[in-house]
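The primary structure of each chain is shown beneath.
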Amino acid sequence: MPTSKEQYLSALKTLQDYAYAYYVLDDPIASDEEYDTLYHQIKAYEAKNPQDILPDSPTQRVGGTILEGFEKHAHKQRMWSLDDVFSLQELEEWVARIGKNYPNASFVCSPKFDGASLNLCYENGALVSAATRGDGLIGEEVLQNAKTLPSIPLTIPHKATIEIRGEVVIKKDDFAALNATRAEQGLPLFANPRNAAAGSLRQLDSTITAQRKLLFVPWGIGTSEIELSPSFYAIMRLIESFGFYPIMRHIRQAQSVQEIHTYYEQLQQDRNSFAMMLDGMVVILDSLALQSELGWTIKSPRFACAYKFPAVEKITQIRAITNQVGRTGVITPVAELEPIEIEGARVARASLYNYSDIEKKGIYLNDFVIIIRSGDVIPKIIKPLTARRDGSQTPILPPTTCPVCGSTLVQEEVVLRCCNLSCKARIQESIIYFASKKALNIDGLGEKLVYQLYNAGLITSILDLYSLTMQSLLTLEGFKEKKASNLLNAIAATKHIALWRFINALGITHIGEWASKELDRSFGLGCFAKSYEEIIAISGFGQEMARSFVEFVRINGEFISKLLALIEPKALESKQASSQDSKPLANLSFVITGTLSIAREEMKQYLEELGARVSGSVSKKTDFLLCGVDAGSKEQKAKELGVRIINEAELAALLESKS
């Protein structure tokens, strides 16, 4: 046992070497007994000499603090998502766009590990923050949990402020062992290593995180207060030298498309030999100067992409169909599948969208079908294998009554809808939507809690949220004063919320965020008393939108009046509406269809920030249809009405011409 500070420092260095070889390199240089003996000797010395404890001692990694919740953390530099390419042709097009202006550009290629992104911030050499990606600007502070990961140095020799970014993963063998333990304990199993890593990182009790054998693999940097090397490759080498996972053994430099693709094929061939799950390869420009010149789109850097591995296809059989009822009453058929495993995830269900889609694809009950997960969590049924039919297959017929309340269903274009506003499923889903981030953003009131409150008889409508009391909440399992108080405060915080948020939270069909803002700007609180003719006169509103709003108010007028009295929302001031006129897309109406390079909600928000009105349906008043891949019936309707159809590149050109 160390008896002096010098002996302590020497023993500590030895223990750190043991830990790095075991936890990071996966190449032990000491037995478990040697490690444990030295660990406890150091811990005993530190107990007697607390003034000598170094912040990067392995004894400081044991969690213990249980948090009430995670604090928000603003990244010093935004964490961007990467654009995906799925084929050699797409890669060639991506490289060609860069090569047009930078013909001598060189690239760095590295495996894309499948886990949870984490941003580490070091100041004066010490780890001061560890935050999840969140929305790219603000994440959740998980510092106490990150400190339990032996692969994250608590101190580094770099003294200036720096953000080091990477992926928190769990090795496949450790994932299997974790699930086996949970199965023995009767706990729910994690679907795949990515979910296990993300869930383990976001534990309020850091001792749980410490038990999960997570690994941090660096993949880049954020902000840095001093000038680093102009080469991304050199920066990654520097980061590795700080004591992080030795990523450089997996990183390659490339000068051409062919060299990039060659390493991609090698990674794809070797992916099963990696200890962690891979879902592709990251390609990034090596020159930081060129990265800065190319810049970013609204979602992602132009100087990097994720070259994803091909979608994994599997064949399984449809055993049954379950009909789900959404908040607007729309019936969604879900295929119950013979369970299969795809890329470490157990897949037993897949959405069939609607009965028109089922008919279009010719899918029968008991059909063998091809199913894929192309870099996504949600599985997709591609097609049935008709050659495998053995006579047991039968057509999938649409229901005629609601599976929850038994009401007769109504056919609306391609969807079936339950129109009973008292339907239990509709009530629960409407409350969930009302409390969601897109609506009133009632913190803590998620899907599970809504079900718990409903099943306990504490709420039967949105109005009942405002009648909840501390006494009633404390009768629920899992509720203590702190949790009950937080929920009541979050509900109370909706008082005087913006009127457009209130309208959006009602979940009216065809009335989204943009339409809610236009109703707010045009009529304020008087919008609920307006006629169909007055509503349709709003620029950008179509017949379906106006009819849907007026009909909803007619049926639910009493409910809306009571809710208005409870919340007292505030209308937008008129100056907010007039300020729109100076924006590049002011007074232009857009509709979005198909799959874009970014999520539809992000594009919608982007267009609205530029002054556009974004609605959900095409009408004669629509100025532009922004069309992505796999556009649906909206594209045909736009052609029939003579509405101008543009893609993302043409949108960029439009904005450039207006700037």
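Because the structure is a prediction, the values reported are computed rather than measured.

### A few points about the overall build of the chain
Part 1: Counting secondary structure elements, the chain contains 23 helices and 24 strands.
Part 2: Reported as C-alpha extents along the three principal axes, the dimensions of the chain are approximately 85 × 65 × 65 Å.
Part 3: When the 659 residues of the chain are sorted by exposure, 47% land in the buried category.
Part 4: Counting only carbon and sulfur atoms, one obtains 50% of the accessible surface of the chain, whose full area is about 32200 Å².
Part 5: Of note, the chain has its 71 positive side-chain charges centred 4 Å away from the centre of its 78 negative side-chain charges.

### Regarding the pattern of salt bridges
Part 1: For the structure on display, the rule yields 18 salt bridges.
Part 2: Between arginine 202 and glutamate 140 there is a salt bridge, with its nearest N and O atoms 2.6 Å apart. A residue pair is termed long-range when its members are at least 10 positions apart, and arginine 202 in the loop between helix H6 (193-201) and helix H7 (206-210) and glutamate 140 in strand E6 (residues 138-140) qualify at 62 residues.
Part 3: Overall, the relative accessible area of 41% leaves arginine 202 in the partly exposed class.
Part 4: For glutamate 140, a relative accessible area of 15% gives the class buried.

### Quick look at the UniProt feature "binding site: Zn(2+)" (unreviewed entry) in the chain
Part 1: Look at the UniProt record and you will see "binding site: Zn(2+)" (unreviewed entry) annotated at Cys402, Cys405, Cys418 and Cys423. Across 22 residues of sequence, these annotated residues stay compact in space, with a maximum C-alpha separation of 8.7 Å.
Part 2: Not counting residues within four places of it along the chain, the set of residues in contact with cysteine 418 comprises Thr328, Gly329, Cys402, Cys405, Ser407, Leu409, Cys423 and Arg426.
Part 3: Residue position: cysteine 423 is located in the loop between strand E20 (415-417) and helix H12 (424-435).
Part 4: Accessibility expressed as a relative area gives 1% for cysteine 423, which makes it buried.

### Here we look at the sheet that holds strand E5 (residues 126-132)
Part 1: With antiparallel pairing, 4 strands are arranged side by side in an open sheet as E5-E4-E7-E8. The open sheet terminates on both sides in strands that have one partner only, identified here as E5 and strand E8 (214-224). Within this sheet the neighbouring strands show an average axis-to-axis angle of 30°, counted without direction.
Part 2: When strand E4 (residues 116-123) meets E5, the two strands line up antiparallel, connected through 6 bridges. The residue of E5 that forms the bridge with cysteine 121 is serine 129.
Part 3: Across the sheet, H6 touches E4, E5, strand E7 (162-170) and E8, and the angle it forms with E7 is around 125°.

### What to know about helix H8 (residues 232-241)
Part 1: Taken together, the buried positions of H8 are Phe232, Tyr233, Ile235, Met236 and Ile239. What you see down the axis of H8 is that its buried residues fit within an arc of 160°, all on one side.
Part 2: Where the residues of H8 are buried, they touch strand E3 (107-113), E7, E8, strand E9 (252-254), strand E10 (278-285) and helix H10 (288-294).
Part 3: Between the side-chain oxygen at the start of H8 and the backbone nitrogen of tyrosine 233 there is a gap of 3.3 Å, and the oxygen is on serine 231.

### Considerations on the domain arrangement of the chain
Part 1: Per the domain assignment, the segments making up the chain are domain 1 (5-60), domain 2 (83-308), domain 3 (313-395), domain 4 (426-493), domain 5 (499-567) and domain 6 (589-657).
Part 2: Each of domain 2 and domain 6 has a C-alpha centre, and the two are 33 Å apart.

### Here we look at the packing of aromatic side chains
Each pair of aromatic rings is reported with the distance of its centres and the angle of its planes.
Part 1: The final tally for this structure, using the stated rule, is 13 aromatic pairs.
Part 2: Taken together, a centroid distance of 5.5 Å and an interplanar angle of 45° make the contact between tyrosine 264 and phenylalanine 309 tilted. Of this pair, tyrosine 264 sits in helix H9 (residues 257-270) while phenylalanine 309 sits in the loop between strand E11 (304-308) and strand E12 (312-325), and the two are 45 residues apart along the sequence. Here tyrosine 264 matches phenylalanine 309 in class, with each residue buried.
Part 3: One cation-aromatic arrangement involves arginine 327 over tyrosine 433; the distance from NZ or CZ to the ring centre is 3.7 Å.
Part 4: One cation-aromatic arrangement involves lysine 483 over phenylalanine 479; the distance from NZ or CZ to the ring centre is 4.6 Å.

### What to know about H6
Part 1: Where H6 is concerned, the buried positions are Pro193, Arg194, Ala196, Ala197, Ser200 and Leu201. Buried positions in H6, seen along its axis, are confined to an arc of 165° and lie on one side of it.

### Points about the UniProt feature "binding site: NAD(+)" (unreviewed entry) in the chain
Part 1: Here the UniProt feature "binding site: NAD(+)" (unreviewed entry) sits at Asp32, Glu33, Glu34, Tyr35, Asp36, Ser81, Leu82, Arg133, Glu167 and Lys308.
Part 2: A residue is classified by how much of its surface remains accessible, and serine 81, at 30% relative accessible area, is partly exposed.
Part 3: With near-sequence residues (within four places) excluded, serine 81 lies in contact with Arg133, Lys299, Ser300 and Pro301.
Part 4: Its location among the elements puts glutamate 167 in strand E7.
Part 5: A relative accessible area of 10% means that glutamate 167 is categorised as buried.
Part 6: Here glutamate 167 is in contact with Phe113, Asp114, Gly115, Ala116, Ser117, Leu215, Phe216, Val217 and Trp219, once residues within four sequence places are set aside.
Part 7: At 3.1 Å, the side chain of glutamate 167 forms a polar contact with the side chain of serine 117.

### Focus: the packing of H12 against helix H13 (residues 447-455)
Part 1: Running from amino to carboxyl end, H12 crosses H13 at an angle of 135°, the nearest separation of the two axes being 9 Å. The angle between H12 and H13 falls in the class oblique. Relative to H13, the crossing made by H12 is right-handed. Residue-level inspection shows Lys424, Ile427, Gln428, Glu429, Ile431 and Ile432 of H12 in contact with H13, the latter providing Glu447, Val450, Tyr451, Tyr454 and Asn455.

### A short note on the environment of methionine 277
Part 1: Examined against the element boundaries, methionine 277 turns out to sit in the loop between H9 and E10.
Part 2: Using a relative accessible area of 15% as the deciding quantity, one classes methionine 277 as buried.
Part 3: Spatially, the C-alpha atoms of methionine 277 and leucine 385 are 30 Å apart, while their sequence positions differ by 108 residues.

### As for the sheet that holds E9
Part 1: The mixed open sheet is built from 5 strands, whose spatial order is E2-E11-E10-E3-E9. Strands with a single pairing partner mark the edges of an open sheet, and in this sheet they are strand E2 (83-85) and E9. Across this sheet, the average inter-strand angle for adjacent strands is 35°, counted without regard to direction.
Part 2: Pairing analysis gives 5 bridges linking E10 to E11, with the strands arranged antiparallel. Across the sheet, the residue bridging to valine 283 is cysteine 305, located in E11.
Part 3: This element, H9, spans E3, E9, E10 and E11 of the sheet and lies at about 20° to E3.

### Remarks on the environment of isoleucine 42
Part 1: One can find isoleucine 42 in helix H2 (residues 32-48).
Part 2: Among the residues examined, isoleucine 42 registers a relative accessible area of 0% and is labelled buried.
Part 3: Between the alpha carbons of isoleucine 42 and phenylalanine 107 there is a distance of 45 Å; along the sequence they are 65 residues apart.
Part 4: Once you skip the residues sitting within four places of it in the chain, isoleucine 42 turns out to touch Tyr8, Ala11, Leu12, Leu15, Ser57 and Thr59.

Rules of the game
Residues numbered from 1 in each chain as written. Predicted model: local features only at pLDDT ≥ 70, side-chain atom pairs only at ≥ 80, totals over all residues. Heavy atoms only, no water. Helix = DSSP H or I, 4+ residues; strand = E, 2+ residues; numbered from the N terminus. Buried < 20%, exposed > 50% of the residue type's maximum accessible area, 1.4 Å probe, protein only. Areas by Shrake-Rupley, 256 points an atom, 1.4 Å probe, with all protein chains shown as cover. Lys, Arg positive; Asp, Glu negative; His and termini not counted. Charge placed at Lys NZ, Arg CZ, Asp CG, Glu CD. Salt bridge = Lys/Arg side-chain N within 4 Å of Asp/Glu carboxyl O. UniProt positions renumbered as here; feature names shortened; annotations may be inferred. Contact = heavy atoms within 4.5 Å. Pairing = 2+ DSSP bridges. Axes fitted to C-alpha atoms, helices over the stretch in contact; angles between N-to-C directions. Arc of directions from axis to C-beta. Polar contact = N/O pair within 3.5 Å; in protein donor to acceptor, adjacent residues only side chain to side chain. Domains from an automatic or database assignment. Phe/Tyr/Trp six-rings, centres within 6.5 Å; stacked < 30°, edge-to-face > 60°. Lys NZ or Arg CZ within 6 Å of the ring centre and 35° of its normal. Parallel < 35°, antiparallel > 145°, perpendicular 65-115°, else oblique. Left-handed = near helix turned anticlockwise from the far one by under 90°.

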